[in-house]
Amino acid sequence: MNPIRATDDACKEPFQFFHYGWVIVIGGFLCQACFGVSRHLYPYVLPTMEVELNLLHEQSGSIASAYFIGYAIMTFVWGILTDRIGSRRCMLMGQCVLLAGLTGMGFIATLILASLCYFLCGAGAAGLFVPLAPLISRWFGKKRRGTALGIAMAGTGLVTLVLSFIIPGLLASYSWRWSWWIGAVFVLAMVIICWFLLVDSPGEKHLTPMGIDKGIPAGQDVMGNYQQTKPRVSMKRILKRGVLWNLAGIYFTRAIGYTIFMTFAVRYLEEIGWQEELAAAVFGVWGALQIPSPVVWGVIADHLPKKYAFAIALALDAGGVFIFLSGSAVGCYLGAAIIGFADVGVPTIMAASMADYFEPAIIGTALGFVTLIFGIGCIVAPSIGGYLGDMTGTLHTAIMLSLGAISAALILALLLKKPSTKPLSH
């Protein structure tokens, strides 16, 4: 068969639901479910874990910080590895590192060991997020990859909701240690399943990427394999690209706003007179809306320029925080709902943007770098917000800083340039 003709035929194919690319999406969904376990199991287990281990709140916070440090450091490492050994290997290794961390968390008896194990959880989680965008970009064309990414990233929201039903009953009957071990068993099962599901490129299945728009994607052959004959782009060249720093700036300022809000929002409601149970219930709405929203944002990323997709997500995020600051019951529930819906928008659009702005062979490195910058924002934000709250005597100022940081991210998004249609230089 003429390879050029095969590509033309692929362009005319309808939206195929039985293309192996959808199996890749399922594999990505399961990996993101593991990601959700790594990040969202800790808050459920923390109260009972604190009592048994005699931990101070500050020590509990340092354990959480260890996760974000592991995540921030390893995003860049996983990004570079993805471009060299492939997404499949990195995602499987990430699951194994996470498995070790979760298993260890069930045996911890000291602060140092807990921090080390949760560091491993963060390091493994980074290996599940960063390689996903390059993998989906290989399997799906420009008009499909955002939707595919959105479906895969919905795994995090779903597992978070499931944890909210399972863990309280588990803690009532068994030690908190079993929560970590059951999470580890779940990840082990996902490692086995993903071993069989994940495939690095359509060429390995003798397929073309799904939804190719025109011709062959840059850096790929007709079967979706990366062309290894192209010279590798140096890190120095990547760092010189203004768009990389624009995207990193969006991610950093949004990380500041997002992390401050999520750290202090419940405490802020308690400060203005809400009961603890009611304050926590507000975020049930937030969590529920996180399940369908990645798919919606994926579709938006496919049909709008990334500049405007970012702007819509960040405008909703900022609007939700502004409404939340009213302190009224209606305002807080409505604000939390809007924030919950917008929350996954930025990472979904960011992952989908990589293939628009960077060559296939460096997508992992580029996403790893901007996610590293995001992680730094997550690490420093709680301290900044807490200091501001202590200095002013109210967490209202911390939430205001969150609003300001998200607004800054919105401005940076509006400065984002249109992707170049010319070949990028090495």
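To keep things clear, this report deals only with the structure shown in the data block. A quick note: this is a predicted structure, and the numbers were derived from the prediction, not measured.

1. Focus: empty space enclosed by the protein
Step number 1: As enumerated under the stated definition, the model contains 3 cavities of 30 Å³ or more in all.
Step number 2: A volume near 310 Å³ is recorded for the largest cavity.
Step number 3: Surrounding the largest cavity, 18 residues form its lining, Phe35, Arg39, Thr156, Asp343 and Pro347 being those nearest its centre.
Step number 4: Those elements that provide at least two residues to the lining of the largest cavity are helix 2 (21–53), helix 7 (145–173), helix 10 (242–271) and helix 16 (363–392).
Step number 5: Counted by class, the lining of the largest cavity contains 9 nonpolar, 6 polar and 3 charged residues.

2. Digging into the packing of aromatic side chains
Describing an aromatic ring pair means giving the distance of the ring centres and the angle of the ring planes.
Step number 1: What the rule picks out here adds up to 15 aromatic pairs.
Step number 2: Taking 6.1 Å as the distance between ring centres and 40° as the angle between the ring planes, the aromatic pair formed by Tyr268 and Phe324 counts as tilted. With Tyr268 in helix 10 and Phe324 in helix 13 (residues 306–324), the pair connects residues that are 56 residues apart, well separated along the chain.
Step number 3: A residue is classified by how much of its surface remains accessible, and Phe324, at 0% relative accessible area, is buried.
Step number 4: An aromatic cluster is present here, built from Tyr42, Tyr67, Phe68, Tyr118 and Trp180 joined pairwise through their rings.
Step number 5: Against the face of Trp195 rests Arg88, its NZ or CZ located 4.7 Å from the ring centre.

3. What about the environment of Leu158?
Step number 1: On the secondary structure map, Leu158 appears in helix 7.
Step number 2: For Leu158, a relative accessible area of 35% puts it in the partly exposed group.
Step number 3: Distance in space between the C-alpha atoms of Leu158 and Leu289 is 10.0 Å, their sequence separation being 131 residues.
Step number 4: Ignoring any residue separated from it by four or fewer positions in sequence, one finds Leu158 in contact with Phe29 and Ile291.

4. Concerning the packing of helix 12 (residues 293–303) against helix 14 (residues 329–343)
Step number 1: For the pair helix 12 and helix 14, interaxial distance at closest approach is 8 Å and the crossing angle is 60°. What the angle tells us is that helix 12 and helix 14 run oblique. The residues of helix 14 that touch helix 12, namely those facing Ser293, Val296 and Trp297, are Gly340, Phe341 and Ala342.

5. Quick notes on helix 14
Step number 1: Spanning 15 residues, helix 14 covers 21 Å between terminal C-alpha atoms, matching the ideal 21 Å at 1.5 Å per step.
Step number 2: Looking only at helix 14, the buried set comprises Gly331, Cys332, Gly335, Ala336, Ala337, Ile339, Gly340, Ala342 and Asp343.

6. Comments concerning unusual backbone geometry
Step number 1: At His206, a residue that is not glycine, the phi angle is positive and equals roughly 55°.
Step number 2: Inspection of the secondary structure assignment puts His206 in the loop between helix 8 (176–197) and helix 9 (235–239).
Step number 3: Residue His206 is classed as exposed on the basis of its relative accessible area of 68%.

Reading guide: rules and limits
Residues numbered from 1 in each chain as written. Predicted model: local features only at pLDDT ≥ 70, side-chain atom pairs only at ≥ 80, totals over all residues. Heavy atoms only, no water. 1 Å grid on protein atoms, 1.4 Å probe; cavity = no way out; pocket = protein on both sides within 12 Å on 5 of 7 lines; lining within 4 Å. Points joined across faces, edges and corners; volume = space filled by probe spheres on them. Helix = DSSP H or I, 4+ residues; strand = E, 2+ residues; numbered from the N terminus. Nonpolar A, V, L, I, M, F, W, Y, C, P; charged D, E, K, R; others polar. Phe/Tyr/Trp six-rings, centres within 6.5 Å; stacked < 30°, edge-to-face > 60°. Buried < 20%, exposed > 50% of the residue type's maximum accessible area, 1.4 Å probe, protein only. Lys NZ or Arg CZ within 6 Å of the ring centre and 35° of its normal. Contact = heavy atoms within 4.5 Å. Axes fitted to C-alpha atoms, helices over the stretch in contact; angles between N-to-C directions. Parallel < 35°, antiparallel > 145°, perpendicular 65-115°, else oblique. Expected span 1.5 Å × (residues − 1).

These figures come from the coordinates and say nothing about function on their own.
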